[in-house]
Amino acid sequence: MAYIKHTAIHTTPRAHLKYILNPGKNEDMKYSTAICCTNDYAAVCEDFKEIYEAFAGNKFDNYRKRKNESVRIHSYVQSFDESVSPEMAHQIGVEWAKAMFGEDRPVIVSTHTNTGHCHNHIAVCAYDVKGNRWFGDQYTYNLAKEVSDRICLEHGLSIIKNPKKHSSMKYKEWDSRKKGCSWKVKMADVIDKLIIAPEVTDINSLIEKMREYGYVFTNEKRMIAKPANVKYGCSVAKLGYGYSLEMLQTRIANKQNEFAGLKISAFLGVQVDYAVTIREKQIELYRSHPNTSKVTYAEVRRTAELLCYIHNNHIHSVDDLKTIVGNAEAKVDTLSRKYSYLERQEKLLELLNEYGNEYDRLLNNTDRNEFQQKRLEELYRTLLHGGLCGYDTHSPGWLPKLINYIKQQIMGKKDARAQLNRASNEFSRVKGYLHDLKRTLNTDFDRIRNQEHLREQIEMYHQGYELQEDGTYIREPEPTAVRNAELDYLARLEEEKQRRAEMEYLLELEKQEERERQERARRRSYGHSR
């Protein structure tokens, strides 16, 4: 298998070419191939220089990198394991270079064999002979890996099927996070906790609260902070996507969507499970690098809004939300029938305005001829299909009375339409909430609950306890008050259910006594008749 690495050479291009064409590294130029140039060091420098200066407008020889300095040479390294011979490695390198860059661009392929495994150094001129510029971006880098894998497979070599993504995290930080002693993670935890504090209303108040927690800001403008016992700090933005200045401002402005321990321990039932799931998704998003997380802020915000909805509406199970969805659907159905009825009434009014007088005149004419009788029957069918059925058309003055009655009814059509729209939007919203809740509890929650420490947190949250920094769980007065208010609400619901059950029982007893009384009266009446 082969591993591809790309480096852009902005300065000292001649030194780079000299290193690549070192005879002591490629067995006296045995494994050196030139494409659209020569493999002699002095000659190839002139070839690269001539083409570069002809199209770039800059000098090829550059000894100091300035801002926006263009690339002189694109350098690729193609590494193989110990099983690949120098001959095969060089052949693969040449095939790869021709497949990638063609034969109109100066390219040097040099296979170094001075290490434990052979590897190709490929120097690519920034321009070809026609002036086409090569860009070493992510797209061309991915293309380079794909072409290299294809050629390796053609030569019977294996490839890396699931390559790991490159990480900029240093080993010391990775090791400290693995051991649970990273001060950067603890600083992120503190920021997450402070964001939901009522005293934090902007970035300045967040900085002041962090100082109270013992953090020192070496550069407040760039938000570079550290604990007092740490020598060098780091920018808060490097903690992850959710800690940039813009995201911190967004999170502070939408702190109702942040669910830390104090909030979660105040929830009940399915609210706890869903809150922990959302919080883990938030942490996954906030502490990821930009554009690398599978979770989006829009998704987190939507699920957080759902949690606020089910908490404010005292929903403690999926069945509770199903009941609300069913009620919303029934309301839409009722309002839809009402609106459809008003639409039919409006059409009937149009027919009455057009044919009502003629129908009334023919109806009251007792001496109708055959033509008038047919016309009357035709008008009757038209008005009957328009909705006239059920109205008395034989009473005196029925037509103006009916027209006035229908006009009063259809005056509420606009309001009925607005009610139907609101009910339809509410039904769509709660139906979407139900879908999101069921999907999250069946996917993300199962994945999160499999983690032992989170399973323990969920069980403690159900009992109203919050996890502390030292690993213990305690009851806090604030969440206890909120939790007790919710428990009182549930207790009132239970009392109401019991009261209704008792009333239904008493009503059933009264009905039974009434039936027995009627039965006794019937028997007495039967005996008296005999």
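Everything below is about the structure shown above.
Residues numbered from 1 in each chain as written. Predicted model: local features only at pLDDT ≥ 70, side-chain atom pairs only at ≥ 80, totals over all residues. Heavy atoms only, no water.

## Quick look at the sheet that holds strand β8 (residues 234–235)
Now for step 1: Pairing in this open sheet of 3 strands is antiparallel, and the strands run β6-β7-β8 from one edge to the other. Two strands close off the open sheet at either side, each with one partner strand: β6 (215–219) and β8.
Now for step 2: Two elements, β6 and strand β7 (residues 224–227), share 4 bridges in a ladder whose sense is antiparallel. For Val-216, the partnering residue across the bridge sits in β7 and is Lys-226. (Pairing = 2+ DSSP bridges. Helix = DSSP H or I, 4+ residues; strand = E, 2+ residues; numbered from the N terminus.)

## Some words on helix α8 (residues 245–253)
Now for step 1: When we look at burial in α8, the residues that qualify are Met-247, Leu-248, Arg-251 and Ile-252. Looking straight down α8, one finds that the buried residues subtend no more than 135 degrees of arc, so they occupy a single side. Counted as exposed and oriented over 90 degrees from the buried face of α8: Glu-246 and Ala-253.
Now for step 2: Elements in contact with the buried residues of α8: α6 (183–195), α7 (203–212), α10 (270–286) and α11 (297–312). (Buried < 20%, exposed > 50% of the residue type's maximum accessible area, 1.4 Å probe, protein only. Arc of directions from axis to C-beta. Contact = heavy atoms within 4.5 Å.)

## Let's talk about the sheet that holds strand β5 (residues 119–125)
Now for step 1: Pairing is antiparallel in the open sheet, where 5 strands are placed in the order β1-β3-β5-β4-β2. Two strands bound the open sheet, and with one partner strand each, they are β1 (2–9) and β2 (32–35). This sheet shows a mean twist of 15 degrees between the axes of neighbouring strands, independent of strand direction.
Now for step 2: Pairing analysis gives 8 bridges linking β1 to strand β3 (residues 73–80), with the strands arranged antiparallel. Directly across from Ile-4, in β3, lies its bridge partner Gln-78.
Now for step 3: Sheet strands in contact with helix α4 (residues 138–154) are β1 and β3, and its direction is about 145 degrees off that of β1. (Axes fitted to C-alpha atoms, helices over the stretch in contact; angles between N-to-C directions.)

## Structural notes on empty space enclosed by the protein
Now for step 1: All told, the structure shown has 1 cavity of 30 Å³ or more when counted by the stated rule.
Now for step 2: For the largest cavity, the calculated volume is near 40 Å³.
Now for step 3: Taken together, Asn-254, Asn-257, Glu-258, Gln-282, Tyr-286, Tyr-297, Val-300 and Arg-301 form the lining of the largest cavity.
Now for step 4: Those elements that provide at least two residues to the lining of the largest cavity are α10 and α11.
Now for step 5: The element contributing the most residues to the lining of the largest cavity is α11, with 3 residues.
Now for step 6: The class makeup of the residues in the lining of the largest cavity is 3 nonpolar, 3 polar and 2 charged. (1 Å grid on protein atoms, 1.4 Å probe; cavity = no way out; pocket = protein on both sides within 12 Å on 5 of 7 lines; lining within 4 Å. Points joined across faces, edges and corners; volume = space filled by probe spheres on them. Nonpolar A, V, L, I, M, F, W, Y, C, P; charged D, E, K, R; others polar.)

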